[in-house]
Amino acid sequence: MDNIKTILVPVDGSEGSDKAVEFAIKLAQVYQAKIDFLYIANINQLAINACLSDAILDAVTKAGDAILDRALAKVPQGIKVEAFSETGSPSVTILEFAEENKNDMIAMGSRGLGVVKGVLLGSVSQYVVENAKCPVVIAK
Ligand SMILES: Nc1ncnc2c1ncn2[C@@H]1O[C@H](COP(=O)(O)OP(=O)(O)OP(=O)(O)O)[C@@H](O)[C@H]1O
Ligand SMILES: [Mg+2]
């Protein structure tokens, strides 16, 4: 754990993901690490090709941009940060991104925007904790 160079922070705009952003900023300060924010629009490519109108795609993209902008605004000067937007299944895309970008750690919320309460981990955080090859921090 002595060489954390990049921290992947998947953000969905939820309270849980906000907590992960705050925590990742502190970690980035300690490790002098770079933060990669990642938003995933949860639409599969087939649906995009088949029937989604440009207007809907545009709205989804804008919503993602707003979430990423809000996360970026929290990062103090001097911390390296980059924002990424992807389309697909959030859990699978987070793991693919982390492996491709060789992130040293993932920081994410315990829950997201899902409406089911009373469960500690949402399906995305549970899948990532179980399958990631790097350390995962769950902010709560
Ligand atoms: N679409 C997404 N893009 C980026 N990060 C995401 C996305 N969805 C979830 N996350 C990350 O995963 C964390 C946990 O969210 P998760 O989706 O697992 O919980 P939930 O929404 O409460 O449950 P579920 O989605 O299973 O109904 C969030 O705090 C966020 O860090
Ligand atoms: Mg969710």
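What comes next concerns the included structure.

Calculation criteria
- Residues numbered from 1 in each chain as written.
- Chains lettered and ligands numbered in written order.
- Predicted model: local features only at pLDDT ≥ 70, side-chain atom pairs only at ≥ 80, totals over all residues.
- Heavy atoms only, no water.
- Helix = DSSP H or I, 4+ residues; strand = E, 2+ residues; numbered from the N terminus.
- Rg over C-alpha atoms; globule rule 2.2 N^0.38 Å.
- Buried < 20%, exposed > 50% of the residue type's maximum accessible area, 1.4 Å probe, protein only.
- Contact = heavy atoms within 4.5 Å.
- Areas by Shrake-Rupley, 256 points an atom, 1.4 Å probe, with all protein chains shown as cover.
- Patch = residues over 30% accessible without salt bridge, like charges linked within 9 Å, V, L, I, M, F, W, Y side chains within 5 Å.
- Salt bridge = Lys/Arg side-chain N within 4 Å of Asp/Glu carboxyl O.
- Core = buried A, V, L, I, M, F, W, Y, C linked by side-chain atoms within 4.5 Å.
- Near = heavy atom within 4 Å.
- Polar contact = N/O pair within 3.5 Å; in protein donor to acceptor, adjacent residues only side chain to side chain.
- Axes fitted to C-alpha atoms, helices over the stretch in contact; angles between N-to-C directions.
- Left-handed = near helix turned anticlockwise from the far one by under 90°.
- Nonpolar A, V, L, I, M, F, W, Y, C, P; charged D, E, K, R; others polar.

Once that is clear, we can look at the overall build of the protein. Regarding its fold elements, the protein presents 5 helices and 5 strands. Ordering the α and β elements of the protein from the N terminus gives β-α-β-α-α-β-α-β-α-β. Computed over its C-alpha atoms, the radius of gyration of the protein comes to 15 Å, within 12% of the 14 Å expected for a compact globule of 140 residues. Over its C-alpha atoms, taken along the principal directions, the protein stretches across nearly 50 × 35 × 30 Å. Across the 140 residues in the protein, those meeting the buried criterion constitute 39%. Summarising the internal contacts of the protein: among those between residues at least 6 apart in sequence, 75% fall at separations of at least 24. When the accessible surface of the protein is summed, it comes to about 8,100 Å², and 55% of that surface belongs to carbon and sulfur atoms.

What helix 4 (residues 90-100) keeps buried is the set P90, S91, T93, I94, L95, F97 and A98. Tucked inside the fold, the buried residues of helix 4 contact strand 1 (6-10), strand 2 (34-41), strand 3 (81-87), strand 4 (105-109) and helix 5 (123-131). A positive phi of about 50° marks K102, the residue just after helix 4.

A few words on a nonpolar patch on the surface. Side chains of V115, V116 and V119 sit close together on the surface and give an oily, nonpolar patch of about 300 Å² of accessible area. As for its position among the elements, V115 is in the loop between strand 4 and helix 5. According to the relative accessible area criterion, V115 is exposed, its value standing at 73%.

Right, let's talk about the nonpolar core for a bit. Counting 24 residues, the largest nonpolar core has I7, V9, V11, V21, I35 and F37 as its most contacted members. When contributions to this core are tallied by element, the ones reaching two or more residues are strand 1, helix 1 (15-31), strand 2, helix 3 (54-74) and strand 4. If one sorts the elements of this core by residue count, helix 1 sits on top with 6 residues. Non-local contacts of V9, meaning those with residues more than four positions away in its chain, are made with A20, V21, A24, I35, D36, F37, L38 and A107.

A word on the site of ligand 1. The environment of ligand 1 is formed by 20 residues, the closest being P10, R111, G114, S123 and V124. In the environment of ligand 1, an oxygen atom lies 2.5 Å from a nitrogen or oxygen atom belonging to the side chain of S123. Look at ligand 1: alone it shows 610 Å² of surface, and the protein chains cover 86% of it. Only helix 1, strand 2, strand 4 and helix 5 provide two or more residues apiece to the shell around ligand 1. The dominant element in the shell around ligand 1, judged by the number of residues it contributes, is helix 5, at 3 residues.

At their nearest, the axes of helix 4 and helix 5 sit 9 Å apart, and the two run at 35° to each other. Two packed elements cross with a definite hand, and for helix 4 against helix 5 that hand is right-handed. Contacts from P90, S91, V92, I94 and L95 in helix 4 reach V124, Y127, V128 and N131 in helix 5. Considering only residue class, the contact of helix 4 with helix 5 consists of 7 nonpolar, 2 polar and no charged.

The N-to-C vectors of helix 1 and helix 3 enclose an angle of 35°; their axes lie 10 Å apart at closest approach. The crossing of helix 1 and helix 3 is right-handed. Here D18, V21, E22 and I25 of helix 1 lie close against helix 3, whose contacting residues are R70, A71 and K74.

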